[in-house]
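Report on the structure
Listed below, chain by chain, are the residues.
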Amino acid sequence: MADLWDQGCPIPSPDDRERLVDVGLRRWHSFHRRHARNRHPSHEDRVRDLVRGLVQAFEADPRLVGRLVKDYECVAEALATAATSSTRER
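Residues numbered from 1 in each chain as written. Predicted model: local features only at pLDDT ≥ 70, side-chain atom pairs only at ≥ 80, totals over all residues. Heavy atoms only, no water.

1. A look at the overall build of the protein chain
The helix and strand inventory of the protein chain stands at 5 helices and 0 strands. When the helices and strands of the protein chain are placed in sequence order, the string is α-α-α-α-α. Its C-alpha atoms give the protein chain a radius of gyration of 13 Å, near enough to 12 Å, the size a compact globule of 90 residues would have. Overall size of the protein chain, expressed as C-alpha extent along the three principal axes, is 35 × 30 × 20 Å. (Helix = DSSP H or I, 4+ residues; strand = E, 2+ residues; numbered from the N terminus. Rg over C-alpha atoms; globule rule 2.2 N^0.38 Å.)

Right, here's the structure in full:
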């Protein structure tokens with residue numbers, strides 16, 4: 001998250017990082033429970049779902065997110081990478 005912030009991404013501000021990680025990882029790990037019918041989701045499906053969850057959690061009106069969605073996508077990819085790498089290490 002700090003690297004994204006240093007690269008100019010406005011989403012993972014120092015004040016929001018802990019909550020971003022908490023919300024993001026809970027959303028990532030609950031995907032299969034919330035989408036039981038989709039037995040073989042792609043990585044992209046899961047990242048799109050993660051973006052949707054982050055926007056809902058952090059934006060007052062998710063319909064107005066506009067171009068900022070690209071920044072949420074970067075954060076979601078970073079969280080997905082962290083979630084899948086920690087799962088592989090277990």
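That was the structure; now back to the text.
2. Some points on the nonpolar core
Considering soluble globular proteins, one finds that nonpolar side chains tend to be buried as a cluster. Membership of the largest hydrophobic core comes to 19 residues, with the highest contact counts inside it found for Leu54, Tyr72 and Val75. Counting residues per element, the ones that place at least two in this core are helix 2 (17-29), helix 4 (43-58) and helix 5 (69-89). Discounting chain neighbours no more than four positions away, the residues touching Val75 are Met1, Leu4, Cys9, Ile11, Pro12, Leu20 and Leu54. (Core = buried A, V, L, I, M, F, W, Y, C linked by side-chain atoms within 4.5 Å. Buried < 20%, exposed > 50% of the residue type's maximum accessible area, 1.4 Å probe, protein only. Contact = heavy atoms within 4.5 Å.)

3. With respect to the pattern of salt bridges
Using the criterion set out here, one finds 7 salt bridges in the structure. Across the pair Arg27 and Asp49 runs a salt bridge whose closest N-O atoms are separated by 2.9 Å. Of this pair, Arg27 sits in helix 2 while Asp49 sits in helix 4, placing them 22 residues apart in sequence. In terms of burial, Arg27 and Asp49 fall into one category: buried. In this structure, Glu73 engages Lys70 in a salt bridge whose closest nitrogen and oxygen atoms are separated by 3.6 Å. Linking Glu73 with Lys70, this pair stays in helix 5, spanning 3 residues, or about one helical turn. (Salt bridge = Lys/Arg side-chain N within 4 Å of Asp/Glu carboxyl O.)

4. Overview of the environment of Gln7
Looking at the secondary structure, you find Gln7 in the loop between helix 1 (2-6) and helix 2. What makes Gln7 exposed here is its relative accessible area of 64%. Taking the C-alpha atoms as reference points, Gln7 and Arg48, separated by 41 residues in sequence, lie 22 Å from one another.

5. Regarding the packing of helix 2 against helix 4
In contact at an axis separation of 9 Å, helix 2 and helix 4 are set at 135 degrees when each is read in the N-to-C sense. Looking at the two axes, helix 2 sits oblique to helix 4. Helix 2 and helix 4 meet at a crossing whose hand is right-handed. The segment helix 2 lies against helix 4, with Arg19, Leu20, Val23, Gly24, Arg27, Trp28 and His29 engaging His43, Arg46, Val47, Asp49, Leu50, Arg52, Gly53, Leu54, Gln56, Ala57 and Phe58. A per-class count over the contact of helix 2 with helix 4 returns 8 nonpolar, 5 polar and 5 charged. (Axes fitted to C-alpha atoms, helices over the stretch in contact; angles between N-to-C directions. Parallel < 35°, antiparallel > 145°, perpendicular 65-115°, else oblique. Left-handed = near helix turned anticlockwise from the far one by under 90°. Nonpolar A, V, L, I, M, F, W, Y, C, P; charged D, E, K, R; others polar.)

6. Description of the environment of Asp16
Locating Asp16 in the fold gives a position in the loop between helix 1 and helix 2. Each C-alpha atom, one on Asp16 and one on His35, is 27 Å from the other, the two residues being 19 residues apart in sequence. Dropping the residues within four chain positions of it, Asp16 is found in contact with Ile11 and Phe58.

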